[in-house]
Amino acid sequence: MNLLVVGATGTLGRQIVRRALDEGHQVRCLVRSPRKAAFLKEWGAELCQGDICKPKTLPPALNGVEAVIDAATARARDSSSIRKIDWDGKVALIQAVRSAEIERYIFFSILNAEKFPDVPLMDIKHCTERFLAESGLKYTILRPCGFMQGLIGQYAIPILDNQAVWVAGESTPVAYMDTIDIAKFAVRALEIPETENQTFPIVGTRAWSADEIVRLCENLSGQPAKISRLPLGILRVVRKFVSFFQWGWNVADRLAFAEVLASGKPLAANMTEVYEVFGLDAKETTTLEAYLQDYFRRIVKKLREIGYEKEKQKKKKKTPFKS
Ligand SMILES: NC(=O)c1ccc[n+]([C@@H]2O[C@H](COP(=O)([O-])OP(=O)(O)OC[C@H]3O[C@@H](n4cnc5c(N)ncnc54)[C@H](OP(=O)(O)O)[C@@H]3O)[C@@H](O)[C@H]2O)c1
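Residues numbered from 1 in each chain as written. Predicted model: local features only at pLDDT ≥ 70, side-chain atom pairs only at ≥ 80, totals over all residues. Heavy atoms only, no water.

Participant: Where do I start with the sheet that holds strand β1 (residues 2-6) in this structure?
Facilitator: Consider a sheet: its strands pair through backbone hydrogen bonds, and that pairing is either parallel or antiparallel. If you trace the seven strands from one edge of the open sheet to the other, you get β3-β2-β1-β4-β5-β6-β10, paired in parallel fashion. With partners counted over all chains shown, the strands left at the sheet margins are β3 (46-49) and β10 (198-202), one partner each. With strand direction ignored, the average angle separating the axes of adjacent strands in the sheet is 20°. Relative to strand β6 (residues 138-144), strand β5 (residues 104-108) runs parallel, the two being bridged by five bridges. Looking at β6, one finds that Tyr 105 is bridged to Tyr 139. Of the strands in this sheet, β1, β4 (67-70) and β5 touch helix α4 (residues 82-99), which is tilted by about 165° from β5. Contacting β5 and β6, helix α5 (residues 120-133) runs over the sheet at an angle of about 165° to β5. (Pairing = 2+ DSSP bridges. Helix = DSSP H or I, 4+ residues; strand = E, 2+ residues; numbered from the N terminus. Axes fitted to C-alpha atoms, helices over the stretch in contact; angles between N-to-C directions. Contact = heavy atoms within 4.5 Å.)

Participant: How should the pattern of salt bridges be read in this particular structure?
Facilitator: It is possible for side chains bearing opposite charge to pair when their charged atoms get close. Tallied over the full model, the rule gives 16 salt bridges. For Asp 70, the salt bridge is made with Lys 90, and the minimal N-O distance between the two is 3.0 Å. Of the two residues, Asp 70 is situated in strand β4 and Lys 90 in helix α4; the sequence distance between them amounts to 20 residues. Its relative accessible area of 0% is what places Asp 70 among the buried residues. Classification of Lys 90 by relative accessible area gives buried; the value is 0%. (Salt bridge = Lys/Arg side-chain N within 4 Å of Asp/Glu carboxyl O. Buried < 20%, exposed > 50% of the residue type's maximum accessible area, 1.4 Å probe, protein only.)

Participant: Honestly, the packing of aromatic side chains in this entry has me stumped. Any pointers?
Facilitator: Between two aromatic rings, the relevant description is the distance of the centres plus the angle of the planes. The full count for this structure, using the stated rule, is six aromatic pairs. Between Phe 185 and Phe 278 the ring centres are 5.1 Å apart and the planes differ by 70°, which places this aromatic pair in the edge-to-face class. One end of the pair, Phe 185, is in helix α7 (residues 179-189); the other, Phe 278, is in helix α12 (residues 272-278), with 93 residues separating them in the sequence. Their ring planes at 80° and their centres at 5.0 Å tell us that Phe 200 and Phe 278 sit as a pair that is edge-to-face. On the criterion of sequence distance, the pair formed by Phe 200 in strand β10 and Phe 278 in helix α12 is long-range, its members being 78 residues apart. Grouping residues by exposure puts Phe 200 and Phe 278 together as buried. (Phe/Tyr/Trp six-rings, centres within 6.5 Å; stacked < 30°, edge-to-face > 60°.)

The values are spatial; any link to function lies outside them.
This is the structure in structure tokens:
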């Protein structure tokens, strides 16, 4: 198929491009900065410069495309707000897809989006799900929870670095999935008519609390963690304060996410039927233990190599020069 991947430079988007190319699809990527996306071209994808917030850039990117996989979302450092990118941008993209008479659209939402109307990104995701359902497109909505890749910066690196690990509120358990596994569902959906006009949870094998993840990281790294707990009340005050300033809107919207993580309602779902519909094997899904074990094994090996190199350099310096 001729595919357009939007958000292709992102954590998930790049895995979708990789998977789609491996499965023999022709992949075009809508990218804001072709320079930043050079690696996608090296993999064999075509780049098309554009921005979902600039509707005029969309028709050329959609020319000749049979299906769109949308994994775009506002970056924390984006100058545009979540509302501008995740709502205005997505509405423009869906309308452009409809005008281009492309039928198939795969959209990434977030699990339980409808349960958090006070959290801006959740509310926007839920509204987009509804907009898509009424668009007339053959859509598939995939709803992940946490990405395992996000746990490296949040837990693994601070623990290895002997820095504080920040845990929000009461630590709601969350199911995490490797984006490599999530990408399989996005690409497979294109082949399976039963996935059309349907919504599926795409979550990990089980939900993990922050304390469980910390313990796992401690065991795998052999280092104790310094845990700093941020009470929800403090996060709410900071959120209100930064939302007074325009530069703080994105920060405030992200802090609102703490409400989800501190809600006490586990973010997880049963996926038995989903694996059946997609014809994928649950046993092939990476578990959190396996993912983190692999990360720590590789990092410890790298640190040993660096230590060995440093030792070698030191010895060289100590050896007197022989003529
Ligand atoms: N991260 C999570 O834990 C999580 C959990 C559940 C669901 N999701 C959903 O999964 C999807 C992928 O998330 P992610 O974490 O992989 O995203 P990400 O790493 O933050 O990447 C976002 C992508 O969107 C692109 N983008 C942003 N604004 C754009 C615009 N105006 N026009 C075109 N492209 C634009 C970015 O391009 P640039 O490289 O140019 O910035 C980047 O490729 C999103 O829909 C997200 O809401 C994420």
